[in-house]
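Read off the chains here:
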Amino acid sequence: YIYQRIVVIAALFHVLTLYFYLAARIEKKPWLFVPAAVFAMLACFTKQVNMSLPLTLLLCEVAFCSDSLDQFARKGLRLLPWLAALTFFYLKIFQVNLAHLNLETLRAYYPVNINSHIGWSQWIPTQLNVMRTYARLLVFPINQTLDYDYPIAGGFWQTDVLLSCGLVLAAL
């Protein structure tokens, strides 16, 4: 559900970074790291969802560019400059003061929704139920509506949340 054009642009920069990074690694063309770095920096300026880009690069390195975890451990150090640079840019862009960073500060910077009455401990289990619905719609696309009304989950130990969590873990 895309509600802003900036989400599309953020996804575009994320995917282009992955494309050029993997092309540079798999085709052994080091000059392709330049557009990957440019798109990674542009991704930093779009939306905070791109903070997952270093982790995505790390997972792609393990999944597509390494034959084994031993090879990744030996050669995976080449990702450290990428991870360090992206982390530095994120901290600078969002002006995070590490000296004053704690859980309350993170909640103030990143509320679930400013107009919402639920917190993270309710939002995350509810999102697991949302993922279960997405999986159902992918396999069995009937009873679709434009706006789903999800009950807010009370915690992780509810039966529907545990079922949703199990399905997500099984998919991984």
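For the structure, check the block above.
Anyway, here's the lowdown on the structure attached to this text. Note that the structure is predicted; figures quoted are calculated from it, not measured.

A count of helices and strands for the chain gives eight helices and zero strands. Moving toward the C terminus, one meets the helices and strands of the chain in the order α-α-α-α-α-α-α-α. When burial is assessed residue by residue, the chain has 28% of its 172 residues classed as buried. Within the chain, contacts between residues separated by at least 24 positions form 64% of all contacts whose residues are at least 6 apart in sequence. Total accessible area computed for the chain in this model is approximately 12200 Å², and 68% of it derives from carbon and sulfur atoms.

The subject of this paragraph is unusual backbone geometry. Within the chain, Lys-28 stands out as a residue other than glycine whose phi angle is a positive 55 degrees. For Lys-28, the position within the fold is in the loop between α1 (5-26) and α2 (33-44). The backbone of Asn-143 shows a phi angle near 55 degrees, a positive value even though the residue is not glycine. Relative to the helices and strands, Asn-143 is located in the loop between α7 (120-139) and α8 (159-171).

Take the packing of α1 against helix α3 (residues 53-64) next. Working note: a packed helix pair is described by the angle between its axes plus the distance between those axes. Running from amino to carboxyl end, α1 crosses α3 at an angle of 35 degrees, the nearest separation of the two axes being 11 Å. In this structure, α1 meets α3 at a crossing whose hand is right-handed. Contacts between α1 and α3 involve His-14, Thr-17, Leu-18, Tyr-21, Leu-22 and Arg-25 from the first element and Leu-53, Thr-56, Leu-57, Cys-60, Glu-61 and Phe-64 from the second.

Before going further, it helps to spend a moment on the side chain of Thr-133. Residue placement: Thr-133 occurs in helix α7. Since its relative accessible area comes to 10%, Thr-133 is described here as buried. In this structure Thr-133 touches Tyr-148 and Tyr-150, once residues within four positions along its chain are discounted.

This paragraph deals with the layout of surface pockets. Taken as a whole, the second largest pocket holds about 150 Å³ of empty space. Every residue lining the second largest pocket is listed: Met-131, Arg-132, Ala-135, Ser-164, Leu-167, Val-168 and Ala-171. Contributions of two or more residues to the lining of the second largest pocket are made by α7 and α8. It is α8 that contributes the most residues to the lining of the second largest pocket, four residues altogether. A class-by-class count of the residues in the lining of the second largest pocket yields five nonpolar, one polar and one charged.

Right, let's talk about the packing of α7 against α8 for a bit. Running from amino to carboxyl end, α7 crosses α8 at an angle of 60 degrees, the nearest separation of the two axes being 8 Å. Overall, the two elements α7 and α8 adopt an arrangement that is oblique. Between α7 and α8 lies a crossing of left-handed hand. Only Asp-160, Val-161, Leu-163, Ser-164, Cys-165, Leu-167 and Val-168 of α8 make contact with α7, whose side of the interface consists of Pro-125, Leu-128, Asn-129, Met-131 and Arg-132. In terms of residue class, the contact of α7 with α8 is made up of eight nonpolar, two polar and two charged.

Another aspect to go through is the side chain of His-14. Relative to the assigned elements, His-14 resides in helix α1. In terms of polar contacts, His-14 uses its side chain to reach the side chain of Thr-56, at 3.4 Å. The residues contacting His-14, other than those within four sequence positions of it, are Asn-50, Ser-52, Leu-53 and Thr-56.

Rules of the game
- Residues numbered from 1 in each chain as written.
- Predicted model: local features only at pLDDT ≥ 70, side-chain atom pairs only at ≥ 80, totals over all residues.
- Heavy atoms only, no water.
- Helix = DSSP H or I, 4+ residues; strand = E, 2+ residues; numbered from the N terminus.
- Buried < 20%, exposed > 50% of the residue type's maximum accessible area, 1.4 Å probe, protein only.
- Contact = heavy atoms within 4.5 Å.
- Areas by Shrake-Rupley, 256 points an atom, 1.4 Å probe, with all protein chains shown as cover.
- Axes fitted to C-alpha atoms, helices over the stretch in contact; angles between N-to-C directions.
- Left-handed = near helix turned anticlockwise from the far one by under 90°.
- 1 Å grid on protein atoms, 1.4 Å probe; cavity = no way out; pocket = protein on both sides within 12 Å on 5 of 7 lines; lining within 4 Å.
- Points joined across faces, edges and corners; volume = space filled by probe spheres on them.
- Nonpolar A, V, L, I, M, F, W, Y, C, P; charged D, E, K, R; others polar.
- Parallel < 35°, antiparallel > 145°, perpendicular 65-115°, else oblique.
- Polar contact = N/O pair within 3.5 Å; in protein donor to acceptor, adjacent residues only side chain to side chain.

Distances and angles like these do not, on their own, reveal function.
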